[in-house]
Amino acid sequence: MTFEELKLTRQFIRATEDAGYERPSPIQERAIPPIRSGQDVIGIAQTGTGKTAAFLLPTLQKLKFPQGLDPRAVVLAPTKELVLQIHQEAVNFARYTELRCLALYGGIGYQDQLAAAQAGQDLLIATPGRFLEIYQRGGFNPKKITTVILDEADRMMDMGFMPQLRLVQELIPSKRQNLLFSATFPERVQRLADEFLLWPTRVEATPESTPVATVKQFQAALPNVNTKLHYLKHLLTEQFPEARVMVFVREKDQAELIGRALDESLRSSVRTIHSNKGQNSRINAMELFRDGSIRCLVSTDVASRGIDVPETSVVINFSVPRDPHDYVHRIGRTGRAFRDGVAITLVDPSEGYALERIVELTQTPIDLLELPAGLPIEETPRWEKQAQARTIDGEMRKRDPNYKGAFHEKKKKSAKANRPAKKGNRPPKPKRG
Ligand code: AMP
């Protein structure tokens, strides 16, 4: 199929040519026709499938040319990074039109965004909170909005945006087109869809939760964090010395630890992002990674959702995500739109269960890698052994509520002996984000 056959007009076809798109992706083929005909649409598509263009192209085409001061369409997305990325894509697609697109997101002062909104816009791309704030400060009148797009709906639900989404819904005229895009479709997204959409058409790019077929998946068994660090350095310097790499961790402290440990060997080519980092530092790191000034980005799940850097060819899971859906999102950073990718997951003895859940969800085996000869294997410190034992106990108990737990039995016998000896030896408290 071609973009002409999808009935895009000349100015948008030219923009897709400029972006280097040769033909529509499957989600574009499936979603653009019902969106063009004005239907409500649920799109199940991971990032990397071309879903952003699938909703932006027909929406911009419907807006056609600038009209009045008030916006006529809004895209709501969970994070500022995603908002900025969608905005960039919208600006690119709208380049042969006069359409005005504005990004609204928190973490920086609202004044400039308020002034820009008041100056007149056609399409807003916003986080729900900042959208409401700019509205409340008189940035725009929402009564002209006739298209609402919820992007990464699963993540918006995870982040607790439901109350804000309800408020947004109340502000916008009920006669409108609603589009909802989500990588996964759990029950809470179904409920959101029931509230927001009317007789939606459902389109899917790949079967639910199946990682993009172009990603080759591997696992490596490593006893502890320090050995994982050695292996990570090996991967970055020996195995993939040129590649654009995203490294995922579960906790922000681990992101910092890796950032520091890698800096020694990789000098300035690494940045970390997580929710404690300031707005500017996160955007800056993203930009550097996108334009290739740095080649390795270390990130938590929360900070990374939806990040699109098509050149990313390797994803390394430094820790196994507990929620298998996060794994699907993580490896979706690579193998994007018509490119191949590799995902390598580093697994310590306590993470095997989480990996089993992933294989169960994705129905795809993950090949075991042989460790390189000469890789230093570190002793597991006592605090880490205990943390691993606790995780294993927790997993066993989930499977069998009567399971007594090796760790706790031991703890009872000699609670004192098990305490970390010195304060400095204790592991950092895990924090998500
Ligand atoms: P998305 O799934 O929207 O995050 O898009 C992933 C990447 O695919 C982005 O870098 C897009 O620019 C790119 N892309 C989207 N549609 C196409 C297409 N039809 N052909 C080639 N690349 C595309």
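In what follows, the structure referred to is the one given above.
In what follows, the accompanying structure is described. (Residues numbered from 1 in each chain as written. Predicted model: local features only at pLDDT ≥ 70, side-chain atom pairs only at ≥ 80, totals over all residues. Heavy atoms only, no water.)

**Quick look at helix α8 (residues 162-171)**
And then number 1: Every buried residue belonging to α8 is among Met162, Leu165, Val168 and Leu171, and all of these are buried.
And then number 2: Where α8 is buried, its residues contact β2 (73-76), α6 (128-136), β5 (147-150), α7 (153-158) and α9 (187-196). (Buried < 20%, exposed > 50% of the residue type's maximum accessible area, 1.4 Å probe, protein only. Helix = DSSP H or I, 4+ residues; strand = E, 2+ residues; numbered from the N terminus. Contact = heavy atoms within 4.5 Å.)

**Let's talk about the sheet that holds strand β6 (residues 177-182)**
And then number 1: In space, the seven strands of this open sheet follow the order β3-β4-β2-β5-β6-β1-β7, with parallel pairing throughout. Across the chains shown, the open sheet's two edge strands, defined by having one partner strand only, are β3 (101-104) and β7 (201-204). Recorded for the sheet is a direction-independent mean angle of 15° between the axes of neighbouring strands.
And then number 2: When strand β1 (residues 41-44) meets β7, the two strands line up parallel, connected through four bridges. Its bridge partner being in β7, Gly43 is matched across the sheet by Val203. (Pairing = 2+ DSSP bridges. Axes fitted to C-alpha atoms, helices over the stretch in contact; angles between N-to-C directions.)

**Side note on the site of the ligand**
And then number 1: Among the 17 residues in the neighbourhood of the ligand, the closest are listed as Tyr21, Gln28, Gly48, Gly50 and Thr52.
And then number 2: Between the ligand and the protein, one listed contact pairs a nitrogen atom with a backbone N or O atom of Arg23 at 2.8 Å.
And then number 3: Contact distances for the ligand include 2.7 Å between an oxygen atom and a backbone N or O atom of Gly50.
And then number 4: Residues belonging to the shell around the ligand are distributed by class as follows: six nonpolar, seven polar and four charged.
And then number 5: A domain split of the shell around the ligand shows at least three residues from each of domain 1 (10-204) and domain 2 (215-383). (Near = heavy atom within 4 Å. Polar contact = N/O pair within 3.5 Å; in protein donor to acceptor, adjacent residues only side chain to side chain. Nonpolar A, V, L, I, M, F, W, Y, C, P; charged D, E, K, R; others polar. Domains from an automatic or database assignment.)

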